[in-house]
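What follows is the residue order along each chain.
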Amino acid sequence: MAEPRTGPLTVAGRVLAGTLSAAVLGASGLVWYEYRQLDSGMVKSAALTEARKNAPPHLDQSVNLLLIGLDSRKDMDGNDLPKEFVEEELHAGSSEIGGYNTNVLIVLHIPANGGKVTALSVPRDDYVQTVGADGKMHKIKEAYGIAKGAAEQKLSGKGLSKPELERQSREAGRAATLQTVQSFLDIPIDHFAEVNLIGFYDIAKAVEPIQVCLNNPVDDPIVARTATHEGGGTGLRLPAGVSSLDARQALSFVRQRHHLKNGDLDRTHRQQAFISSVVYKLKQDGVVGDLGRLQRLFDAVKKDVVIDDRWNVLDFAQQAPNLTGGNVEFNTLPITGFKNIGGQEVNTVDPGQIKRIVKQLFGHEVPPEAAPSAFGEQVAPVVPAAFAAPVATRTTTPAAPRSAHSPRTGSPSASPEAPSTGPGTGPTGPTGPAPDLPMQGPAVKAGGIPCVD
């Protein structure tokens, strides 16, 4: 396969902070020197080398970019972030919370010849077989931490410094995440970008205020963790409609999962809407014309973001207009239900259905349908029906309400749902999901300030 492939984005965020920098670079004609300045200062990872050994084949010359939001309260050397910052400023709990879970996994599919960019969010609690971790079934978000922990044990007796041990073990975590996503979706990953909690905050700080839109008011009080209650809450309080957020509020906006009808699944739509709002702001404000603000973004990206070492930042310029011109649609891959396994609440999925959805959405030939087992594994091929011919309706997966305090909400049923009608919807707000495909809730279209729950 010819190398290198072009990649259009420069970062990913705890909740997609990476798209901020991508928009900055793509929204105007930065000179060659500025591109070189950014590229030379980025933290690079070789994790793709391992992931490509068992990657599915490329079916065309399109590019698949994985955005990884790492829920870690550690810096690049493995040290705890300052307690007063994490707990008091961000209300994000202690350094013991989150571990090395990848709470954000979004694949951007960039067509070979331009056109609409398709973004797919993978719910973090999807119960899948890990690859490159321990090979067992886990929540997909856990592949990183499992592989990192195993690598630390193997490396612990080699006399490595703490920063080097952290670097090498994180590389194992990245490789496992890439391999697990590739296997689950049956697509190769060409590039990736990773950012943690502090990275998101720093980049959001450089571009604040950021406008978001809510269909309903939110009140997410902080509840302390006790022996009988897991605690949680972000402290966010916002009215319905459009609000301008600072960096701290922005982090709360994309982290909230309690007091939302669909819990984690609504949080995924928040992440998608936030990306759209930031890209829209950068384009409307002409941020790239302000060298001071541009430099602050560059500094934040260099400090907090990891990208693969095959990524030439110069390459994405030709694709950037698609990312900043509203030509991106976000969808969330569907689940089949919820299950308690080993004391953990997980999302059950049908791997065969997921692969068929991804293939059809990316314009590839759809494989034969297979019947799911209790945990969603393929067990026997059957005659494909759901994808045999296009239909005129859109389907979605609305949620059935549960406790307002429960993060485990949402229904996998596939009944029709009309697009949202709150402020900011319509051409730039939530729409139906991809035509003819069951998705988890409405799509979020970039190009404005979409309203979400």
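It should be emphasised that the depicted structure is a prediction, and the values quoted were computed from it without experimental measurement.

### Concerning the overall build of the chain
Looking only at helices and strands, one finds 12 helices and 20 strands in the chain. Sequence separation of at least 24 residues holds for 72% of the intrachain contacts in the chain that already meet a minimum separation of 6. Here the chain has roughly 17600 Å² of accessible surface; of this, 52% comes from carbon and sulfur atoms.

### Re the pattern of salt bridges
Counting across every chain of the model gives 15 salt bridges. Where Arg-167 meets Glu-164, a salt bridge forms, and the shortest distance between an N and an O atom there is 2.8 Å. Of this pair, Arg-167 and Glu-164 both sit in helix H6 (residues 162–185), three residues apart, roughly one helical turn. Residue Arg-167 is classed as partly exposed on the basis of its relative accessible area of 43%. The class for Glu-164 is partly exposed, based on a relative accessible area of 25%.

### What to know about the state of the cysteines
The tally for this structure, following the rule as stated, stands at one disulfide. Across a sulfur-sulfur distance of 1.7 Å, Cys-213 and Cys-451 are joined as a disulfide pair. Taking the sign of the torsion about the S-S bond as the criterion, the disulfide between Cys-213 and Cys-451, at about 40 degrees, is right-handed. One end of the pair, Cys-213, is in strand E8 (residues 210–214); the other, Cys-451, is in strand E20 (residues 451–452), and 238 residues separate them in sequence. With a relative accessible area of 0%, Cys-451 lands in the buried category.

### Side note on unusual backbone geometry
Following Glu-208, the chain continues to Pro-209 via a peptide bond in cis, the omega torsion being 0 degrees. In this structure, Pro-209 sits in the loop between helix H7 (197–207) and E8.

### A closer look at helix H8 (residues 247–255)
One turn of the α-helix equals 3.6 residues, which is why residues spaced by three or four share an orientation. Counting buried positions over the nine residues of H8 gives seven, a clear majority of the element. Among all positions in H8, only Ala-247, Ala-250, Leu-251, Ser-252, Phe-253, Val-254 and Arg-255 are buried.

### Considerations on the packing of aromatic side chains
By the definition in use, this model includes two aromatic pairs. Between Tyr-100 and Tyr-144, the aromatic rings sit 6.4 Å apart at their centres with planes inclined by 5 degrees, giving stacked as the arrangement. Within this pair, whereas Tyr-100 is found in the loop between helix H4 (83–89) and strand E3 (101–110), its partner Tyr-144 is found in helix H5 (residues 143–155), the two being separated by 44 residues in sequence. Plain terms: the ring middles of Phe-200 and Phe-274 are 5.4 Å apart, the flat faces sit at 50 degrees to each other, and that makes the pair tilted. Taken as a pair, Phe-200 in helix H7 and Phe-274 in helix H9 (residues 263–285) lie far apart in primary sequence, 74 residues in all. Residue class for Phe-274 comes out buried when judged on its relative accessible area of 0%.

### Some thoughts on the sheet that holds E8
Taken in spatial order, the three strands line up as E11-E8-E20 in an open sheet, and their pairing is mixed. Of all the strands in the sheet, just strand E11 (241–245) and E20 have a single pairing partner and so form its edges. Of the pairings in the sheet, the one linking E8 to E11 comprises five bridges and is antiparallel in character. Within E11, the position partnered with Gln-211 by the bridge is Ser-244.

### Remarks on the nonpolar core
Among the nonpolar cores identified, the biggest contains 48 residues, and Leu-108, Phe-200, Leu-238, Phe-253, Phe-274, Val-305 and Phe-330 are the most heavily contacted of them. Among the elements that make up this core, the one with the highest residue count is H7 (seven residues). Once residues lying within four places of it in the same chain are set aside, the contact partners of Leu-238 are Leu-214, Pro-217, Val-218, Ser-243, Leu-245 and Phe-253. Judged by nonpolar contacts, the second largest core, of 30 residues, contains Ile-354, Ile-357, Phe-362 and Leu-437.

### Things to note about the side chain of Ser-243
Mapping Ser-243 onto the fold places it in strand E11. The class of Ser-243 is buried, set by a relative accessible area of 9%. Setting aside its immediate chain neighbours within four residues, Ser-243 contacts Ile-210, Gln-211, Val-212 and Leu-238.

### Regarding the side chain of Thr-234
Relative to the elements of secondary structure, Thr-234 occurs in the loop between strand E9 (218–219) and strand E10 (237–238). A polar contact is formed between the side chain of Thr-234 and the backbone nitrogen of Leu-236, at a distance of 3.3 Å.

### Re the pairing of strand E15 (residues 344–348)
When strand E14 (residues 337–341) meets E15, the two strands line up antiparallel, connected through five bridges. Counterpart to Gly-337 in the pairing with E15 is Thr-348. Linking E14 back to E15 in an antiparallel pair, the connection comprises two residues, with Gly-342 at a positive phi of about 60 degrees.

### Observations concerning the pairing of strand E13 (residues 328–332)
Side-chain positions along a regular strand alternate between the two faces of the sheet. By the criterion of burial, E13 is predominantly enclosed, with five of the five residues buried. Going residue by residue along E13, you find Val-328, Phe-330 and Thr-332 tucked away on one face and Glu-329 and Asn-331 tucked away on the opposite face as well. Summarising the sheet, strand E4 (residues 117–121) and E13 pair through five bridges and their orientation is parallel. In the sheet register, Val-117 faces E13, and the bridge partner there is Val-328. Where E13 meets strand E19 (residues 443–445), two bridges bridge the pair, whose relative direction is antiparallel. What sits directly across from Phe-330, in E19, is Val-444.

### A short note on the environment of Trp-311
Mapped onto the secondary structure, Trp-311 falls in the loop between strand E12 (305–308) and helix H11 (320–324). Sequence-wise, Trp-311 and His-191 are 120 residues apart; in three dimensions their C-alpha atoms are separated by 6.7 Å.

### Some details on the confidence of the model for the chain
Should pLDDT be low for a region, the predicted coordinates there are not to be read in detail. Averaged over all residues, the pLDDT of the chain is 74; the fraction at 70 or higher stands at 65%. Of all secondary-structure elements in the chain, the lowest mean pLDDT belongs to strand E17 (residues 378–381), at 34, while strand E5 (residues 127–129) reaches the highest, 98. Below pLDDT 50 for its whole length, residues 371–409 participates in 102 contacts with residues either more than four positions away or in separate chains. Predicted confidence for residues 413–429 stays below pLDDT 50, and this span has 39 contacts to residues more than four positions away or in other chains.

Definitions and limits used
Residues numbered from 1 in each chain as written. Predicted model: local features only at pLDDT ≥ 70, side-chain atom pairs only at ≥ 80, totals over all residues. Heavy atoms only, no water. Helix = DSSP H or I, 4+ residues; strand = E, 2+ residues; numbered from the N terminus. Contact = heavy atoms within 4.5 Å. Areas by Shrake-Rupley, 256 points an atom, 1.4 Å probe, with all protein chains shown as cover. Salt bridge = Lys/Arg side-chain N within 4 Å of Asp/Glu carboxyl O. Buried < 20%, exposed > 50% of the residue type's maximum accessible area, 1.4 Å probe, protein only. Disulfide = S-S within 2.5 Å. Phe/Tyr/Trp six-rings, centres within 6.5 Å; stacked < 30°, edge-to-face > 60°. Pairing = 2+ DSSP bridges. Core = buried A, V, L, I, M, F, W, Y, C linked by side-chain atoms within 4.5 Å. Polar contact = N/O pair within 3.5 Å; in protein donor to acceptor, adjacent residues only side chain to side chain. pLDDT = per-residue confidence, 0-100.

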